[in-house]
Amino acid sequence: MTSTANYATMSTTTYEYDYLVGILLIIASTIGILNNIISFSYFRSRSYKNRNGLYFRRLYMVITLTDTAICVFVIPVINAAFSSARDGALFRNGAFCQLWSSLWSTLPQLSIYLVGVLSVSRLVVLVNPTRQLNPDLALILPAVCVFALVSTCVGLLISHGMYGVYIEQWLGCTFTALKPGDNPNRTLTQDDLDKTLLFTIIFNIIPGSSIIPITISFCLSLYYLKKSGKNSTNISTSYKKQLEAAKTVILVTLLYIIFNIPYSGALVYRLLVGEWTLSRPQTVSEYLYGRTLNPTDSKFINNYFMPLVCVVSVCFNSMVNPVVYFCRIKNFRNYVKNRIFRPAVLRVERSFSKERSGSRELPSRELASRDLV
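1. Regarding the overall build of the protein chain
Next, step 1: For the protein chain, the count of helices and strands is 11 helices and four strands.
Next, step 2: Every one of the 373 residues in the protein chain was classed for burial, and the buried ones make up 46%.
Next, step 3: Across the protein chain, the fraction of contacts at a sequence separation of at least 24, relative to all contacts at a separation of at least 6, is 75%.
Next, step 4: As displayed, the protein chain offers around 19,000 Å² of accessible surface, 64% of which is attributable to carbon and sulfur atoms.

Listed below in structure tokens is the structure:
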């Protein structure tokens with residue numbers, strides 16, 4: 001249990017579940033990093049002669065790299081969760097806070113964007129099996145998204161239009177129009193509130209807008225799968241493989257919807273309720289430290305809602321994607337068994353056999369030395 005001074009009321013705010021959040025993130029990030037590295041290695045090793053196979057191979061490689069990066073960049077959040085009074089050493093560094101804000105504004109949005117591209121692409125092939133996708137688009141589309149998000153962050157930071165500020169209740173840094181060293185007793189102006197609302201829209205437009213096409217493509221894919229199942233005796237073997245691949249994408253999409261509904265809900269709440277309630281006069285410290293969504297919310301909501309929906313759920317989503325690959329893709333299971341699991345078992349067996357052979361040789365050496373004496 002840790003506590004910190006609340007700058008809005010100068011009282012003590014208690015964080016009772018920080019260690020639990022930190023442990024959850026350690027588990028999710030560790031498993032996620034290892035599994036996504038293995039997944040990237042698998043997709044990289046695959047070779048396809050057809051354009052669609054190459055397209056989805058490249059797209060899955062980008063997805064696994066993005067999920068790996070997400071699991072890596074929750075480490076500063078883990079540091080803050082286990083530090084005294086959420087006084088994360090990394091987040092307290094101004095330059096690092098700016099960098100992390102930029103990365104965390106880019107990576108989760110890129111992940112959601114990629115799920116949308118994957119879902120829509122698989123639906124296109126499912127509806128029209130003869131359609132050949134351009135493999136280069138699997139790299140171009142993510143690159144365009146990254147360029148748009150990063151250039152926006154860099155442009156606003158260079159122009160001092162926004163700043164990365166560490167908010168303890170959010171357990172992370174976020175962009176705001178308020179300077180890190182701003183007078184905590186200064187009353188916010190309408191310009192401050194307008195800029196903050198604008199940044200909220202800019203850096204959440206992809207999660208907010210993607211949920212609709214992703215859900216639509218998910219429902220349509222289910223419909224076409226059900227329709228194809230009725231004619232399963234009349235379809236070719238290659239199309240059956242397409243259907244199995246579509247089921248994998250549907251599972252990935254379903255997990256996205258499950259893990260990101262809270263995030264999308266938080267976004268809608270902030271846009272429709274949270275930010276608009278800031279029209280009342282308040283100081284910088286009240287905005288940064290006195291509330292997370294609404295001043296009347298409970299302590300648990302204020303201290304844990306945003307960390308859970310914006311960090312923990314995102315990290316868990318990145319962690320479980322490789323589990324879907326393992327359960328759904330037979331070649332991936334064989335790859336893990338033959339390239340990862342079996343060599344590891346052989347190394348352990350060899351090491352164990354060497355130790356046993358060495359222990360058997362020891363008495364004979366001792367007897368020989370005694371004979372010499």
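2. Regarding a positive patch on the surface
Next, step 1: Among the surface-exposed residues, Lys330, Arg333, Lys337 and Arg342 lie close enough to one another that they form a single positively charged patch.
Next, step 2: With respect to the element layout, Lys337 can be found in helix H11 (residues 330-372).
Next, step 3: By relative accessible area, Lys337 is classed as partly exposed at 38%.

3. What to know about a nonpolar patch on the surface
Next, step 1: On the surface, Tyr19, Ile23, Ile26, Ile27, Ile31 and Phe82 cluster together to form a nonpolar patch covering roughly 500 Å² of accessible area.
Next, step 2: Ranked by the residues each element gives to the nonpolar patch, the list is headed by helix H1 (residues 18-45), at five residues.
Next, step 3: Along the polypeptide, Phe82 turns up in helix H3 (residues 75-82).
Next, step 4: Residue class for Phe82 comes out partly exposed when judged on its relative accessible area of 34%.

4. What to know about helix H10 (residues 299-328)
Next, step 1: Look at H10: 41 Å from first C-alpha to last across 30 residues, which is about the 44 Å you get at 1.5 Å a residue.
Next, step 2: Approximately 45° is the largest bend angle found in H10, and it occurs at Leu308.

5. Comments concerning the nonpolar core
One broad rule of soluble globular proteins: the nonpolar side chains tend to lie buried together.
Next, step 1: Formed by 54 residues in total, the largest nonpolar core has its most connected members in Leu25, Leu59, Tyr60, Leu118 and Tyr325.
Next, step 2: Those elements that provide at least two residues to this core are H1, helix H2 (51-72), H3, helix H4 (94-127), helix H5 (137-158), helix H8 (237-274), H10 and H11.
Next, step 3: Looking at this core, the element that brings in the most residues is H2, giving 10 residues.
Next, step 4: Look past the residues within four positions of Leu59 in its chain and what remains in contact with it is Leu114, Val117, Leu118 and Ala138.

6. Points about the state of the cysteines
Note on terminology: disulfide describes a covalent bond linking the sulfur atoms of two cysteines.
Next, step 1: Under the defined criterion, the tally for this structure stands at one disulfide.
Next, step 2: In this structure Cys315 is a free cysteine whose sulfur lies 4.2 Å from that of Cys71, the closest cysteine sulfur available.
Next, step 3: Residue class for Cys315 comes out buried when judged on its relative accessible area of 0%.

7. Regarding the packing of aromatic side chains
Next, step 1: For the coordinates displayed, the defined rule picks out 15 aromatic pairs.
Next, step 2: Measuring from ring centre to ring centre gives 5.0 Å for Phe91 and Trp100, while their planes differ by 75°; the resulting arrangement is edge-to-face. An identical accessibility class is assigned to Phe91 and Trp100; each is buried.
Next, step 3: The side chain of Arg86 reaches across the aromatic face of Tyr304, ending 5.0 Å from its centre.
Next, step 4: Above the ring of Phe56, the side-chain terminus of Arg122 is found at 3.8 Å from the ring centroid.

About the criteria used
- Residues numbered from 1 in each chain as written.
- Predicted model: local features only at pLDDT ≥ 70, side-chain atom pairs only at ≥ 80, totals over all residues.
- Heavy atoms only, no water.
- Helix = DSSP H or I, 4+ residues; strand = E, 2+ residues; numbered from the N terminus.
- Buried < 20%, exposed > 50% of the residue type's maximum accessible area, 1.4 Å probe, protein only.
- Contact = heavy atoms within 4.5 Å.
- Areas by Shrake-Rupley, 256 points an atom, 1.4 Å probe, with all protein chains shown as cover.
- Patch = residues over 30% accessible without salt bridge, like charges linked within 9 Å, V, L, I, M, F, W, Y side chains within 5 Å.
- Salt bridge = Lys/Arg side-chain N within 4 Å of Asp/Glu carboxyl O.
- Lys, Arg positive; Asp, Glu negative; His and termini not counted.
- Charge placed at Lys NZ, Arg CZ, Asp CG, Glu CD.
- Expected span 1.5 Å × (residues − 1).
- Bend = angle between axes of the 7 residues up to and from the residue.
- Core = buried A, V, L, I, M, F, W, Y, C linked by side-chain atoms within 4.5 Å.
- Disulfide = S-S within 2.5 Å.
- Phe/Tyr/Trp six-rings, centres within 6.5 Å; stacked < 30°, edge-to-face > 60°.
- Lys NZ or Arg CZ within 6 Å of the ring centre and 35° of its normal.

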